[in-house]
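Observations on the model geometry
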Amino acid sequence: MRSPHLADIVIPPSRQREAARSSAKWIGKSIPRVEDPKLLTGKGRYIDDLSLPNMAHAAVLRSPHAHARIIRINKSRAEALPGVVCVVTGRELSEVAASAVSFASPPITQHPMAIEKARHVGEVIAAVVAEDRYIAEDAVELIEVEYELLPVNSDPEIAMNATGDGVIHPTERESNVAYDETFDWGPVEEDFARAELVVRRKMRWGRAAGTPIETCGAVAEYDDANGYTVTSNSAFGNFIPWVLAGCLKVHPTKLKLIGVNNGGSFGTKVLLHKIIILTAGLARLSGRPVKYIEDRLEHFLNSDGHGPDRYYDAELALRRDGTMLALRFKVVDDYGAYLHFSVGTNGNPLAQVVGPYKINSVGMRLIAVLTNKCQQGPYRCFGAECANFVIERLVDAAARELGMDREALRLHNMVQPHEFPYMIPTGNIDDSGNYQAVLDKAKTLIDLPAWKSRQAEARTQGRRLGIGLVTCQERSVYSPTEWWFLNPVKTPGFALTSAPEGVQLRIDGSGHIYCQLQTPFIGTSSETMVTQVLCEQFGVAPGDIAIGYSDSHTGFNGIGANGSRFTVMVAGACVSASHRLKERLKRFGAHLLEANTADVEVVDGAVRVHGTDRHKTIAEIAIMANFFRKAFPDTPEFDTGLETTAVYDHPLATEPHPERKHLGIFYPIMGHQCHIAVVEVDEETGQVKILDYAAVHDVGTVVNPMTLDGQVVGGTANGIGTALLEEFIYDAEGQFVNANLGQFCMPSAHDVPHIRTAHLSTPSPFTEYGIKGGGEGGRMSAPAAIASAIEDALAPLGIEILQVPVPPPRLRALIRSATRPQ
Amino acid sequence: MKPIEIAFTLNGKPRSAEVRPRVLLSDFLRHQMGLPGTHVGCEHGVCGSCTILLDGRSARSCLTFAVQIDGSEVETVESLGTASALHPIQKAFQEEHGLQCGFCTPGMLMVARELLEHHDTPSEEEVREAIAGNLCRCTGYQNIVAAILSAAAKLRAEKETTV
């Protein structure tokens, strides 16, 4: 029964037009990717492949200090170097560029180049534009800056209490606590009062980032007549170009943003607010087209998207029989020096904060602390991976404390197949699923009983072999309410509610189909997926379809491949556009066939008259519809051309409660996954070897099983890195000490085992074809699964894994303290 | 510093160029020779995206000066197949879904080529060892390994047909 605080939420009726079907010809097939030939032959056209006539190159001077007042900048020696076009300081840039985008409310001002103070190591202090990158870098070395050092905030617990010069944004926030709010969703107090067991753990989630192999960059040009043209590897160009125009102090029609293929994003390239503004401003000030590409160090130090950096204190209330009642947690998140996406990364996980379990109420206190570190931003899972870790770790702990089998405890609390759509205490829903079947399939896939007996045998030999098992949610398809619903109720800021995705579809005179997308390719096979949907709709082959991209002047709102939304959203837009164009084809075709429109249908690439073999191919109709106006009646419905723009809005979202008693439905297309990891821990070294790994996912209807598996395996590898290797280390002085790919260890081919995958398909009743998103994949589960496995391996020592990553030295320290003679 | 004249073989064709001594081979290939297929991911020799073959051996072009290729043979990803006639290794990468964003791919292809040149029946472990110096953030390596094993089989079959 739904809790009274959720009573006002009305689940909107389904807008699905294309149901899941077993007879699909293209959807569900592992066709080769249409993107691949260009990418395999060096024709990917990434940002650094772009070159413009007379183009100059930028390099930047970055703050070596974590917190310092900029007293004086002497750029004369740099300016004197032959080949230097200009040297620009933050104050000079501010003449043409206002502050960068902040979704926080009230906002925290952020300039693409520091003006008065540097607030973290790596913040841009000055930039050089020169004839080539080598000269620009030489000149950077010649800029002299006098700093006055200020107290550094590195530890968030200490930063919270800083005063005076230790406050990072003294004119906008009185202290470094940028945000501190408490929420109860449902009867949290009552549920804890009736609990028979409360399991409480403190947990730590370390900072890292998406770290795509390609860094971020832009190529910008400016002149008075045309305004700005900025090409970058941002995905947000068509979503809020007018906001960026405001940042650049020009009329929106004087900024054209163009996207290019991304060499990976993982969230990192979603917006690129600093790079776009910086590069554009330099182009205007230098009077030259300018290219700026981050080097790897710069990407580490000053990207948009460092991930969560959290300290949880979490409690799960249960009955003795294992029934879960309530979840309550305090989370302190070290957001770094700015609040780019506000505290959205703590809103996102509230979509699935209770996991797949029926938990009656949720309480949260969120404290966002500002420190002298790079800003946080999007990173694959947008904070939800941490919530999965917290709930799964609590459930394992509860199983131990209750003396219950951990699978049995999970099954006892899981939402049952007949209970969907199921509303959780925050107001979000799980649209559909079959969690029990996913768990069963994973156990079979890895042959769990066999591993359990091997484990028993290993223990008799003194080997530390462990099995981890987690059952996690993967929310997909967000409503942008998640970006602001945690902001203060009275000043929510830019409280937008549209997160559409559009396509432009056109059939040319030769009968070929051209589909224009709004946001660039980031690696996730979006072109292949769109091709498959269009093949399904028109009954044509992939070779009949070309995919292109709009820019911010020719396109429509599109947010792109993030938040596991793109496949669902763009498939919806493709269905709308295809339905409209098929109506046009039928009208033209029926006329040519001398039939009634009601008697024809589009099947297998042709308009066919029901029950006959009379037909016209799409090509036969397209040449007429595009070039032979006089062959048709002189009425507007036969106007020349076969083209349409279609926009798909979120299929299932509601607004948050005005006082945030709930957050509304905001991330409802719910995938589910069970990961089982088998590891062996070397007690002497703390090294973890993954012996076997199974990942079973249910993301509804699968468009391309091969590419989905790619996401699952790649995401799991990413999550294994999160669990075992990846951490950005800032020291007490705010120095980022491992900001290179040698010391920040991403998984290599030796670190990732063969991962077994399988799928269950519970189609969503709310999306076209029943598709759910799967792009954040294994990273939702792998950290919790690996932690669970290590803990199981070390169970005889009583060690709990409540922190990620656990690289060998950290694990060895835990083992050492557990085995130290008393 | 003055430019130095160098002569070398690039993707099978004799070439010469003037290049300043400090220019990296990666920049030279990409921006002076017009071959953007060699990608630059880190410029400190870790990620492996910029891997090319220098006299048949894999080398990081971001850690090599262009002047060092004087008198040498250089092969880049552009030496393999074309979109309409993919090299068997490229074909295997497509079939096995051994790439997602494509940025690390040229480096992976070149180390695969080097491996298969010397070893036509590598084991999975040997393939992993060969690519262990190349980072991929998208795939988790599984399908890259599968692609290289499949390419080995393709190349063996090709050799048998030509014999």
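Considering the overall build of chain B
A count of helices and strands for chain B gives five helices and five strands. Taking 2.2 N^0.38 as the reference for a compact globule, 163 residues should give roughly 15 Å; the C-alpha atoms of chain B span a radius of gyration of 16 Å, in line with that estimate. When the backbone C-alpha atoms are referred to their principal axes, chain B occupies close to 50 × 40 × 30 Å. Counting across all 163 residues of chain B, residues that qualify as buried make up 55%. Look at the contacts in chain B between residues 6 or more apart in sequence, and 60% of them connect residues 24 or more apart.

Some points on the domain arrangement of chain A
All names here are of chain A. By domain assignment, chain A separates into domain 1 (4-14 + 306-482 + 655-819), domain 2 (47-150 + 216-293) and domain 3 (500-648). Inter-centroid distance (C-alpha atoms) of domain 1 to domain 2 is 37 Å. Taken together, the contact between domain 1 and domain 2 spans 19 residues of the former and 16 residues of the latter. Of the residues assigned to the side of domain 1 that touches domain 2, the class counts are nine nonpolar, seven polar and three charged.

So, the pairing of strand 23 (residues 606-609) of chain A
All names here are of chain A. As paired elements, strand 22 (residues 600-603) and strand 23 share four bridges and run antiparallel to each other. Considered in strand 23, the bridge of V602 is made with V607. With three bridges connecting them, strand 23 and strand 24 (residues 615-617) associate as antiparallel partners. Each bridged residue has a counterpart across the sheet, and for A606 the counterpart in strand 24 is T617. Linking two consecutive strands that pair antiparallel, namely strand 23 and strand 24, is a turn of five residues; a positive phi of about 70° is found at G611 within it.

Topic: the nonpolar core
Counting 316 residues, the largest nonpolar core has A:A127, A:V128, A:V129, A:I786 and A:I790 as the members making the most contacts within it. Top element by residues in this core is helix 16 (residues 566-593) of chain A. It accounts for 12 residues.

Notes on the sheet that holds strand 27 (residues 687-698) of chain A
All names here are of chain A. One open sheet accounts for four strands, arranged 18-26-27-28; its pairing is mixed. Both outer strands of the open sheet, strand 18 (464-476) and strand 28 (756-760), are each paired with one neighbouring strand and no more. Each strand axis lies, on average, 20° off the axis of its neighbour in the sheet, ignoring direction. Summarising the sheet, strand 26 (residues 669-682) and strand 27 pair through 11 bridges and their orientation is antiparallel. Across the sheet, residue A677 finds its bridge partner in strand 27, namely Y693.

Here we look at the environment of A:A598
Residues and elements named next belong to chain A. Inspection of the secondary structure puts A598 in the loop between helix 16 and strand 22. Taking the number of C-beta atoms within 10 Å as the measure of exposure, A598 has 9 and is therefore exposed. Here the alpha-carbon distance between A598 and R587, two residues 11 residues apart in the chain, equals 9.1 Å.

Quick look at the packing of helix 18 (residues 705-724) of chain A against helix 19 (residues 782-793) of chain A
Residues and elements named next belong to chain A. One can describe the packing of helix 18 onto helix 19 by two numbers: an axis separation of 7 Å at closest approach and a directional angle of 50°. Taken together, the axes of helix 18 and helix 19 lie oblique to each other. Both helix 18 and helix 19 take part in a crossing whose hand is right-handed. Of the residues in helix 19, those touching helix 18 at T716, G719, I720, T722, A723 and L724 are A782, P783, I786 and A787. Tallied by class, the residues present in the contact of helix 18 with helix 19 amount to seven nonpolar, three polar and no charged.

Structural notes on the environment of A:P658
All names here are of chain A. With respect to the element layout, P658 can be found in the loop between strand 25 (643-648) and strand 26. Owing to 7 C-beta atoms within 10 Å, P658 belongs among the exposed residues under this scheme. Between the C-alpha atoms of P658 and G227, which are 431 residues apart in sequence, the distance is 41 Å.

Section: the interface of chain A and chain B
Of the residues lining the interface, 45 residues belong to chain A; the matching set on chain B comes to 44 residues. Among the elements of the structure, helix 1 (36-40) and helix 18 of chain A are those that each provide at least two residues to the side of chain A that touches chain B. Of the residues forming the side of chain A that touches chain B, the biggest block, seven residues, is contributed by helix 18 of chain A.

With respect to the sheet that holds strand 11 (residues 255-259) of chain A
Backbone hydrogen bonds hold the strands of a sheet together, and the pairing may be parallel or antiparallel. Residues and elements named next belong to chain A. Read from one edge of the open sheet, seven strands run 3-5-1-12-9-10-11, paired in mixed fashion. Taken across any chain shown, the strands that pair with only one partner, and hence form the sheet edges, are strand 3 (84-89) and strand 11. Put simply, the sheet's adjacent strands are angled 20° from each other on average, direction ignored. Note that strand 1 (residues 56-62) and strand 12 (residues 290-293) share two bridges and pair parallel. Its bridge partner being in strand 12, H57 is matched across the sheet by K291. Contacting strand 1, strand 3 and strand 5 (124-130), helix 4 (residues 133-142) runs over the sheet at an angle of about 25° to strand 1. Helix-sheet contacts for helix 8 (residues 273-286) involve strand 1, strand 3, strand 5, strand 9 (217-223), strand 10 (227-232) and strand 12, and the interaxial angle to strand 9 is about 35°.

What counts and what doesn't
- Residues numbered from 1 in each chain as written.
- Chains lettered and ligands numbered in written order.
- Predicted model: local features only at pLDDT ≥ 70, side-chain atom pairs only at ≥ 80, totals over all residues.
- Helix = DSSP H or I, 4+ residues; strand = E, 2+ residues; numbered from the N terminus.
- Rg over C-alpha atoms; globule rule 2.2 N^0.38 Å.
- Buried ≥ 20, exposed ≤ 12 C-beta atoms within 10 Å, placed from the backbone.
- Contact = placed C-beta atoms within 7 Å.
- Domains from an automatic or database assignment.
- Nonpolar A, V, L, I, M, F, W, Y, C, P; charged D, E, K, R; others polar.
- Pairing = 2+ DSSP bridges.
- Core = buried A, V, L, I, M, F, W, Y, C linked by C-beta atoms within 7 Å.
- Axes fitted to C-alpha atoms, helices over the stretch in contact; angles between N-to-C directions.
- Parallel < 35°, antiparallel > 145°, perpendicular 65-115°, else oblique.
- Left-handed = near helix turned anticlockwise from the far one by under 90°.

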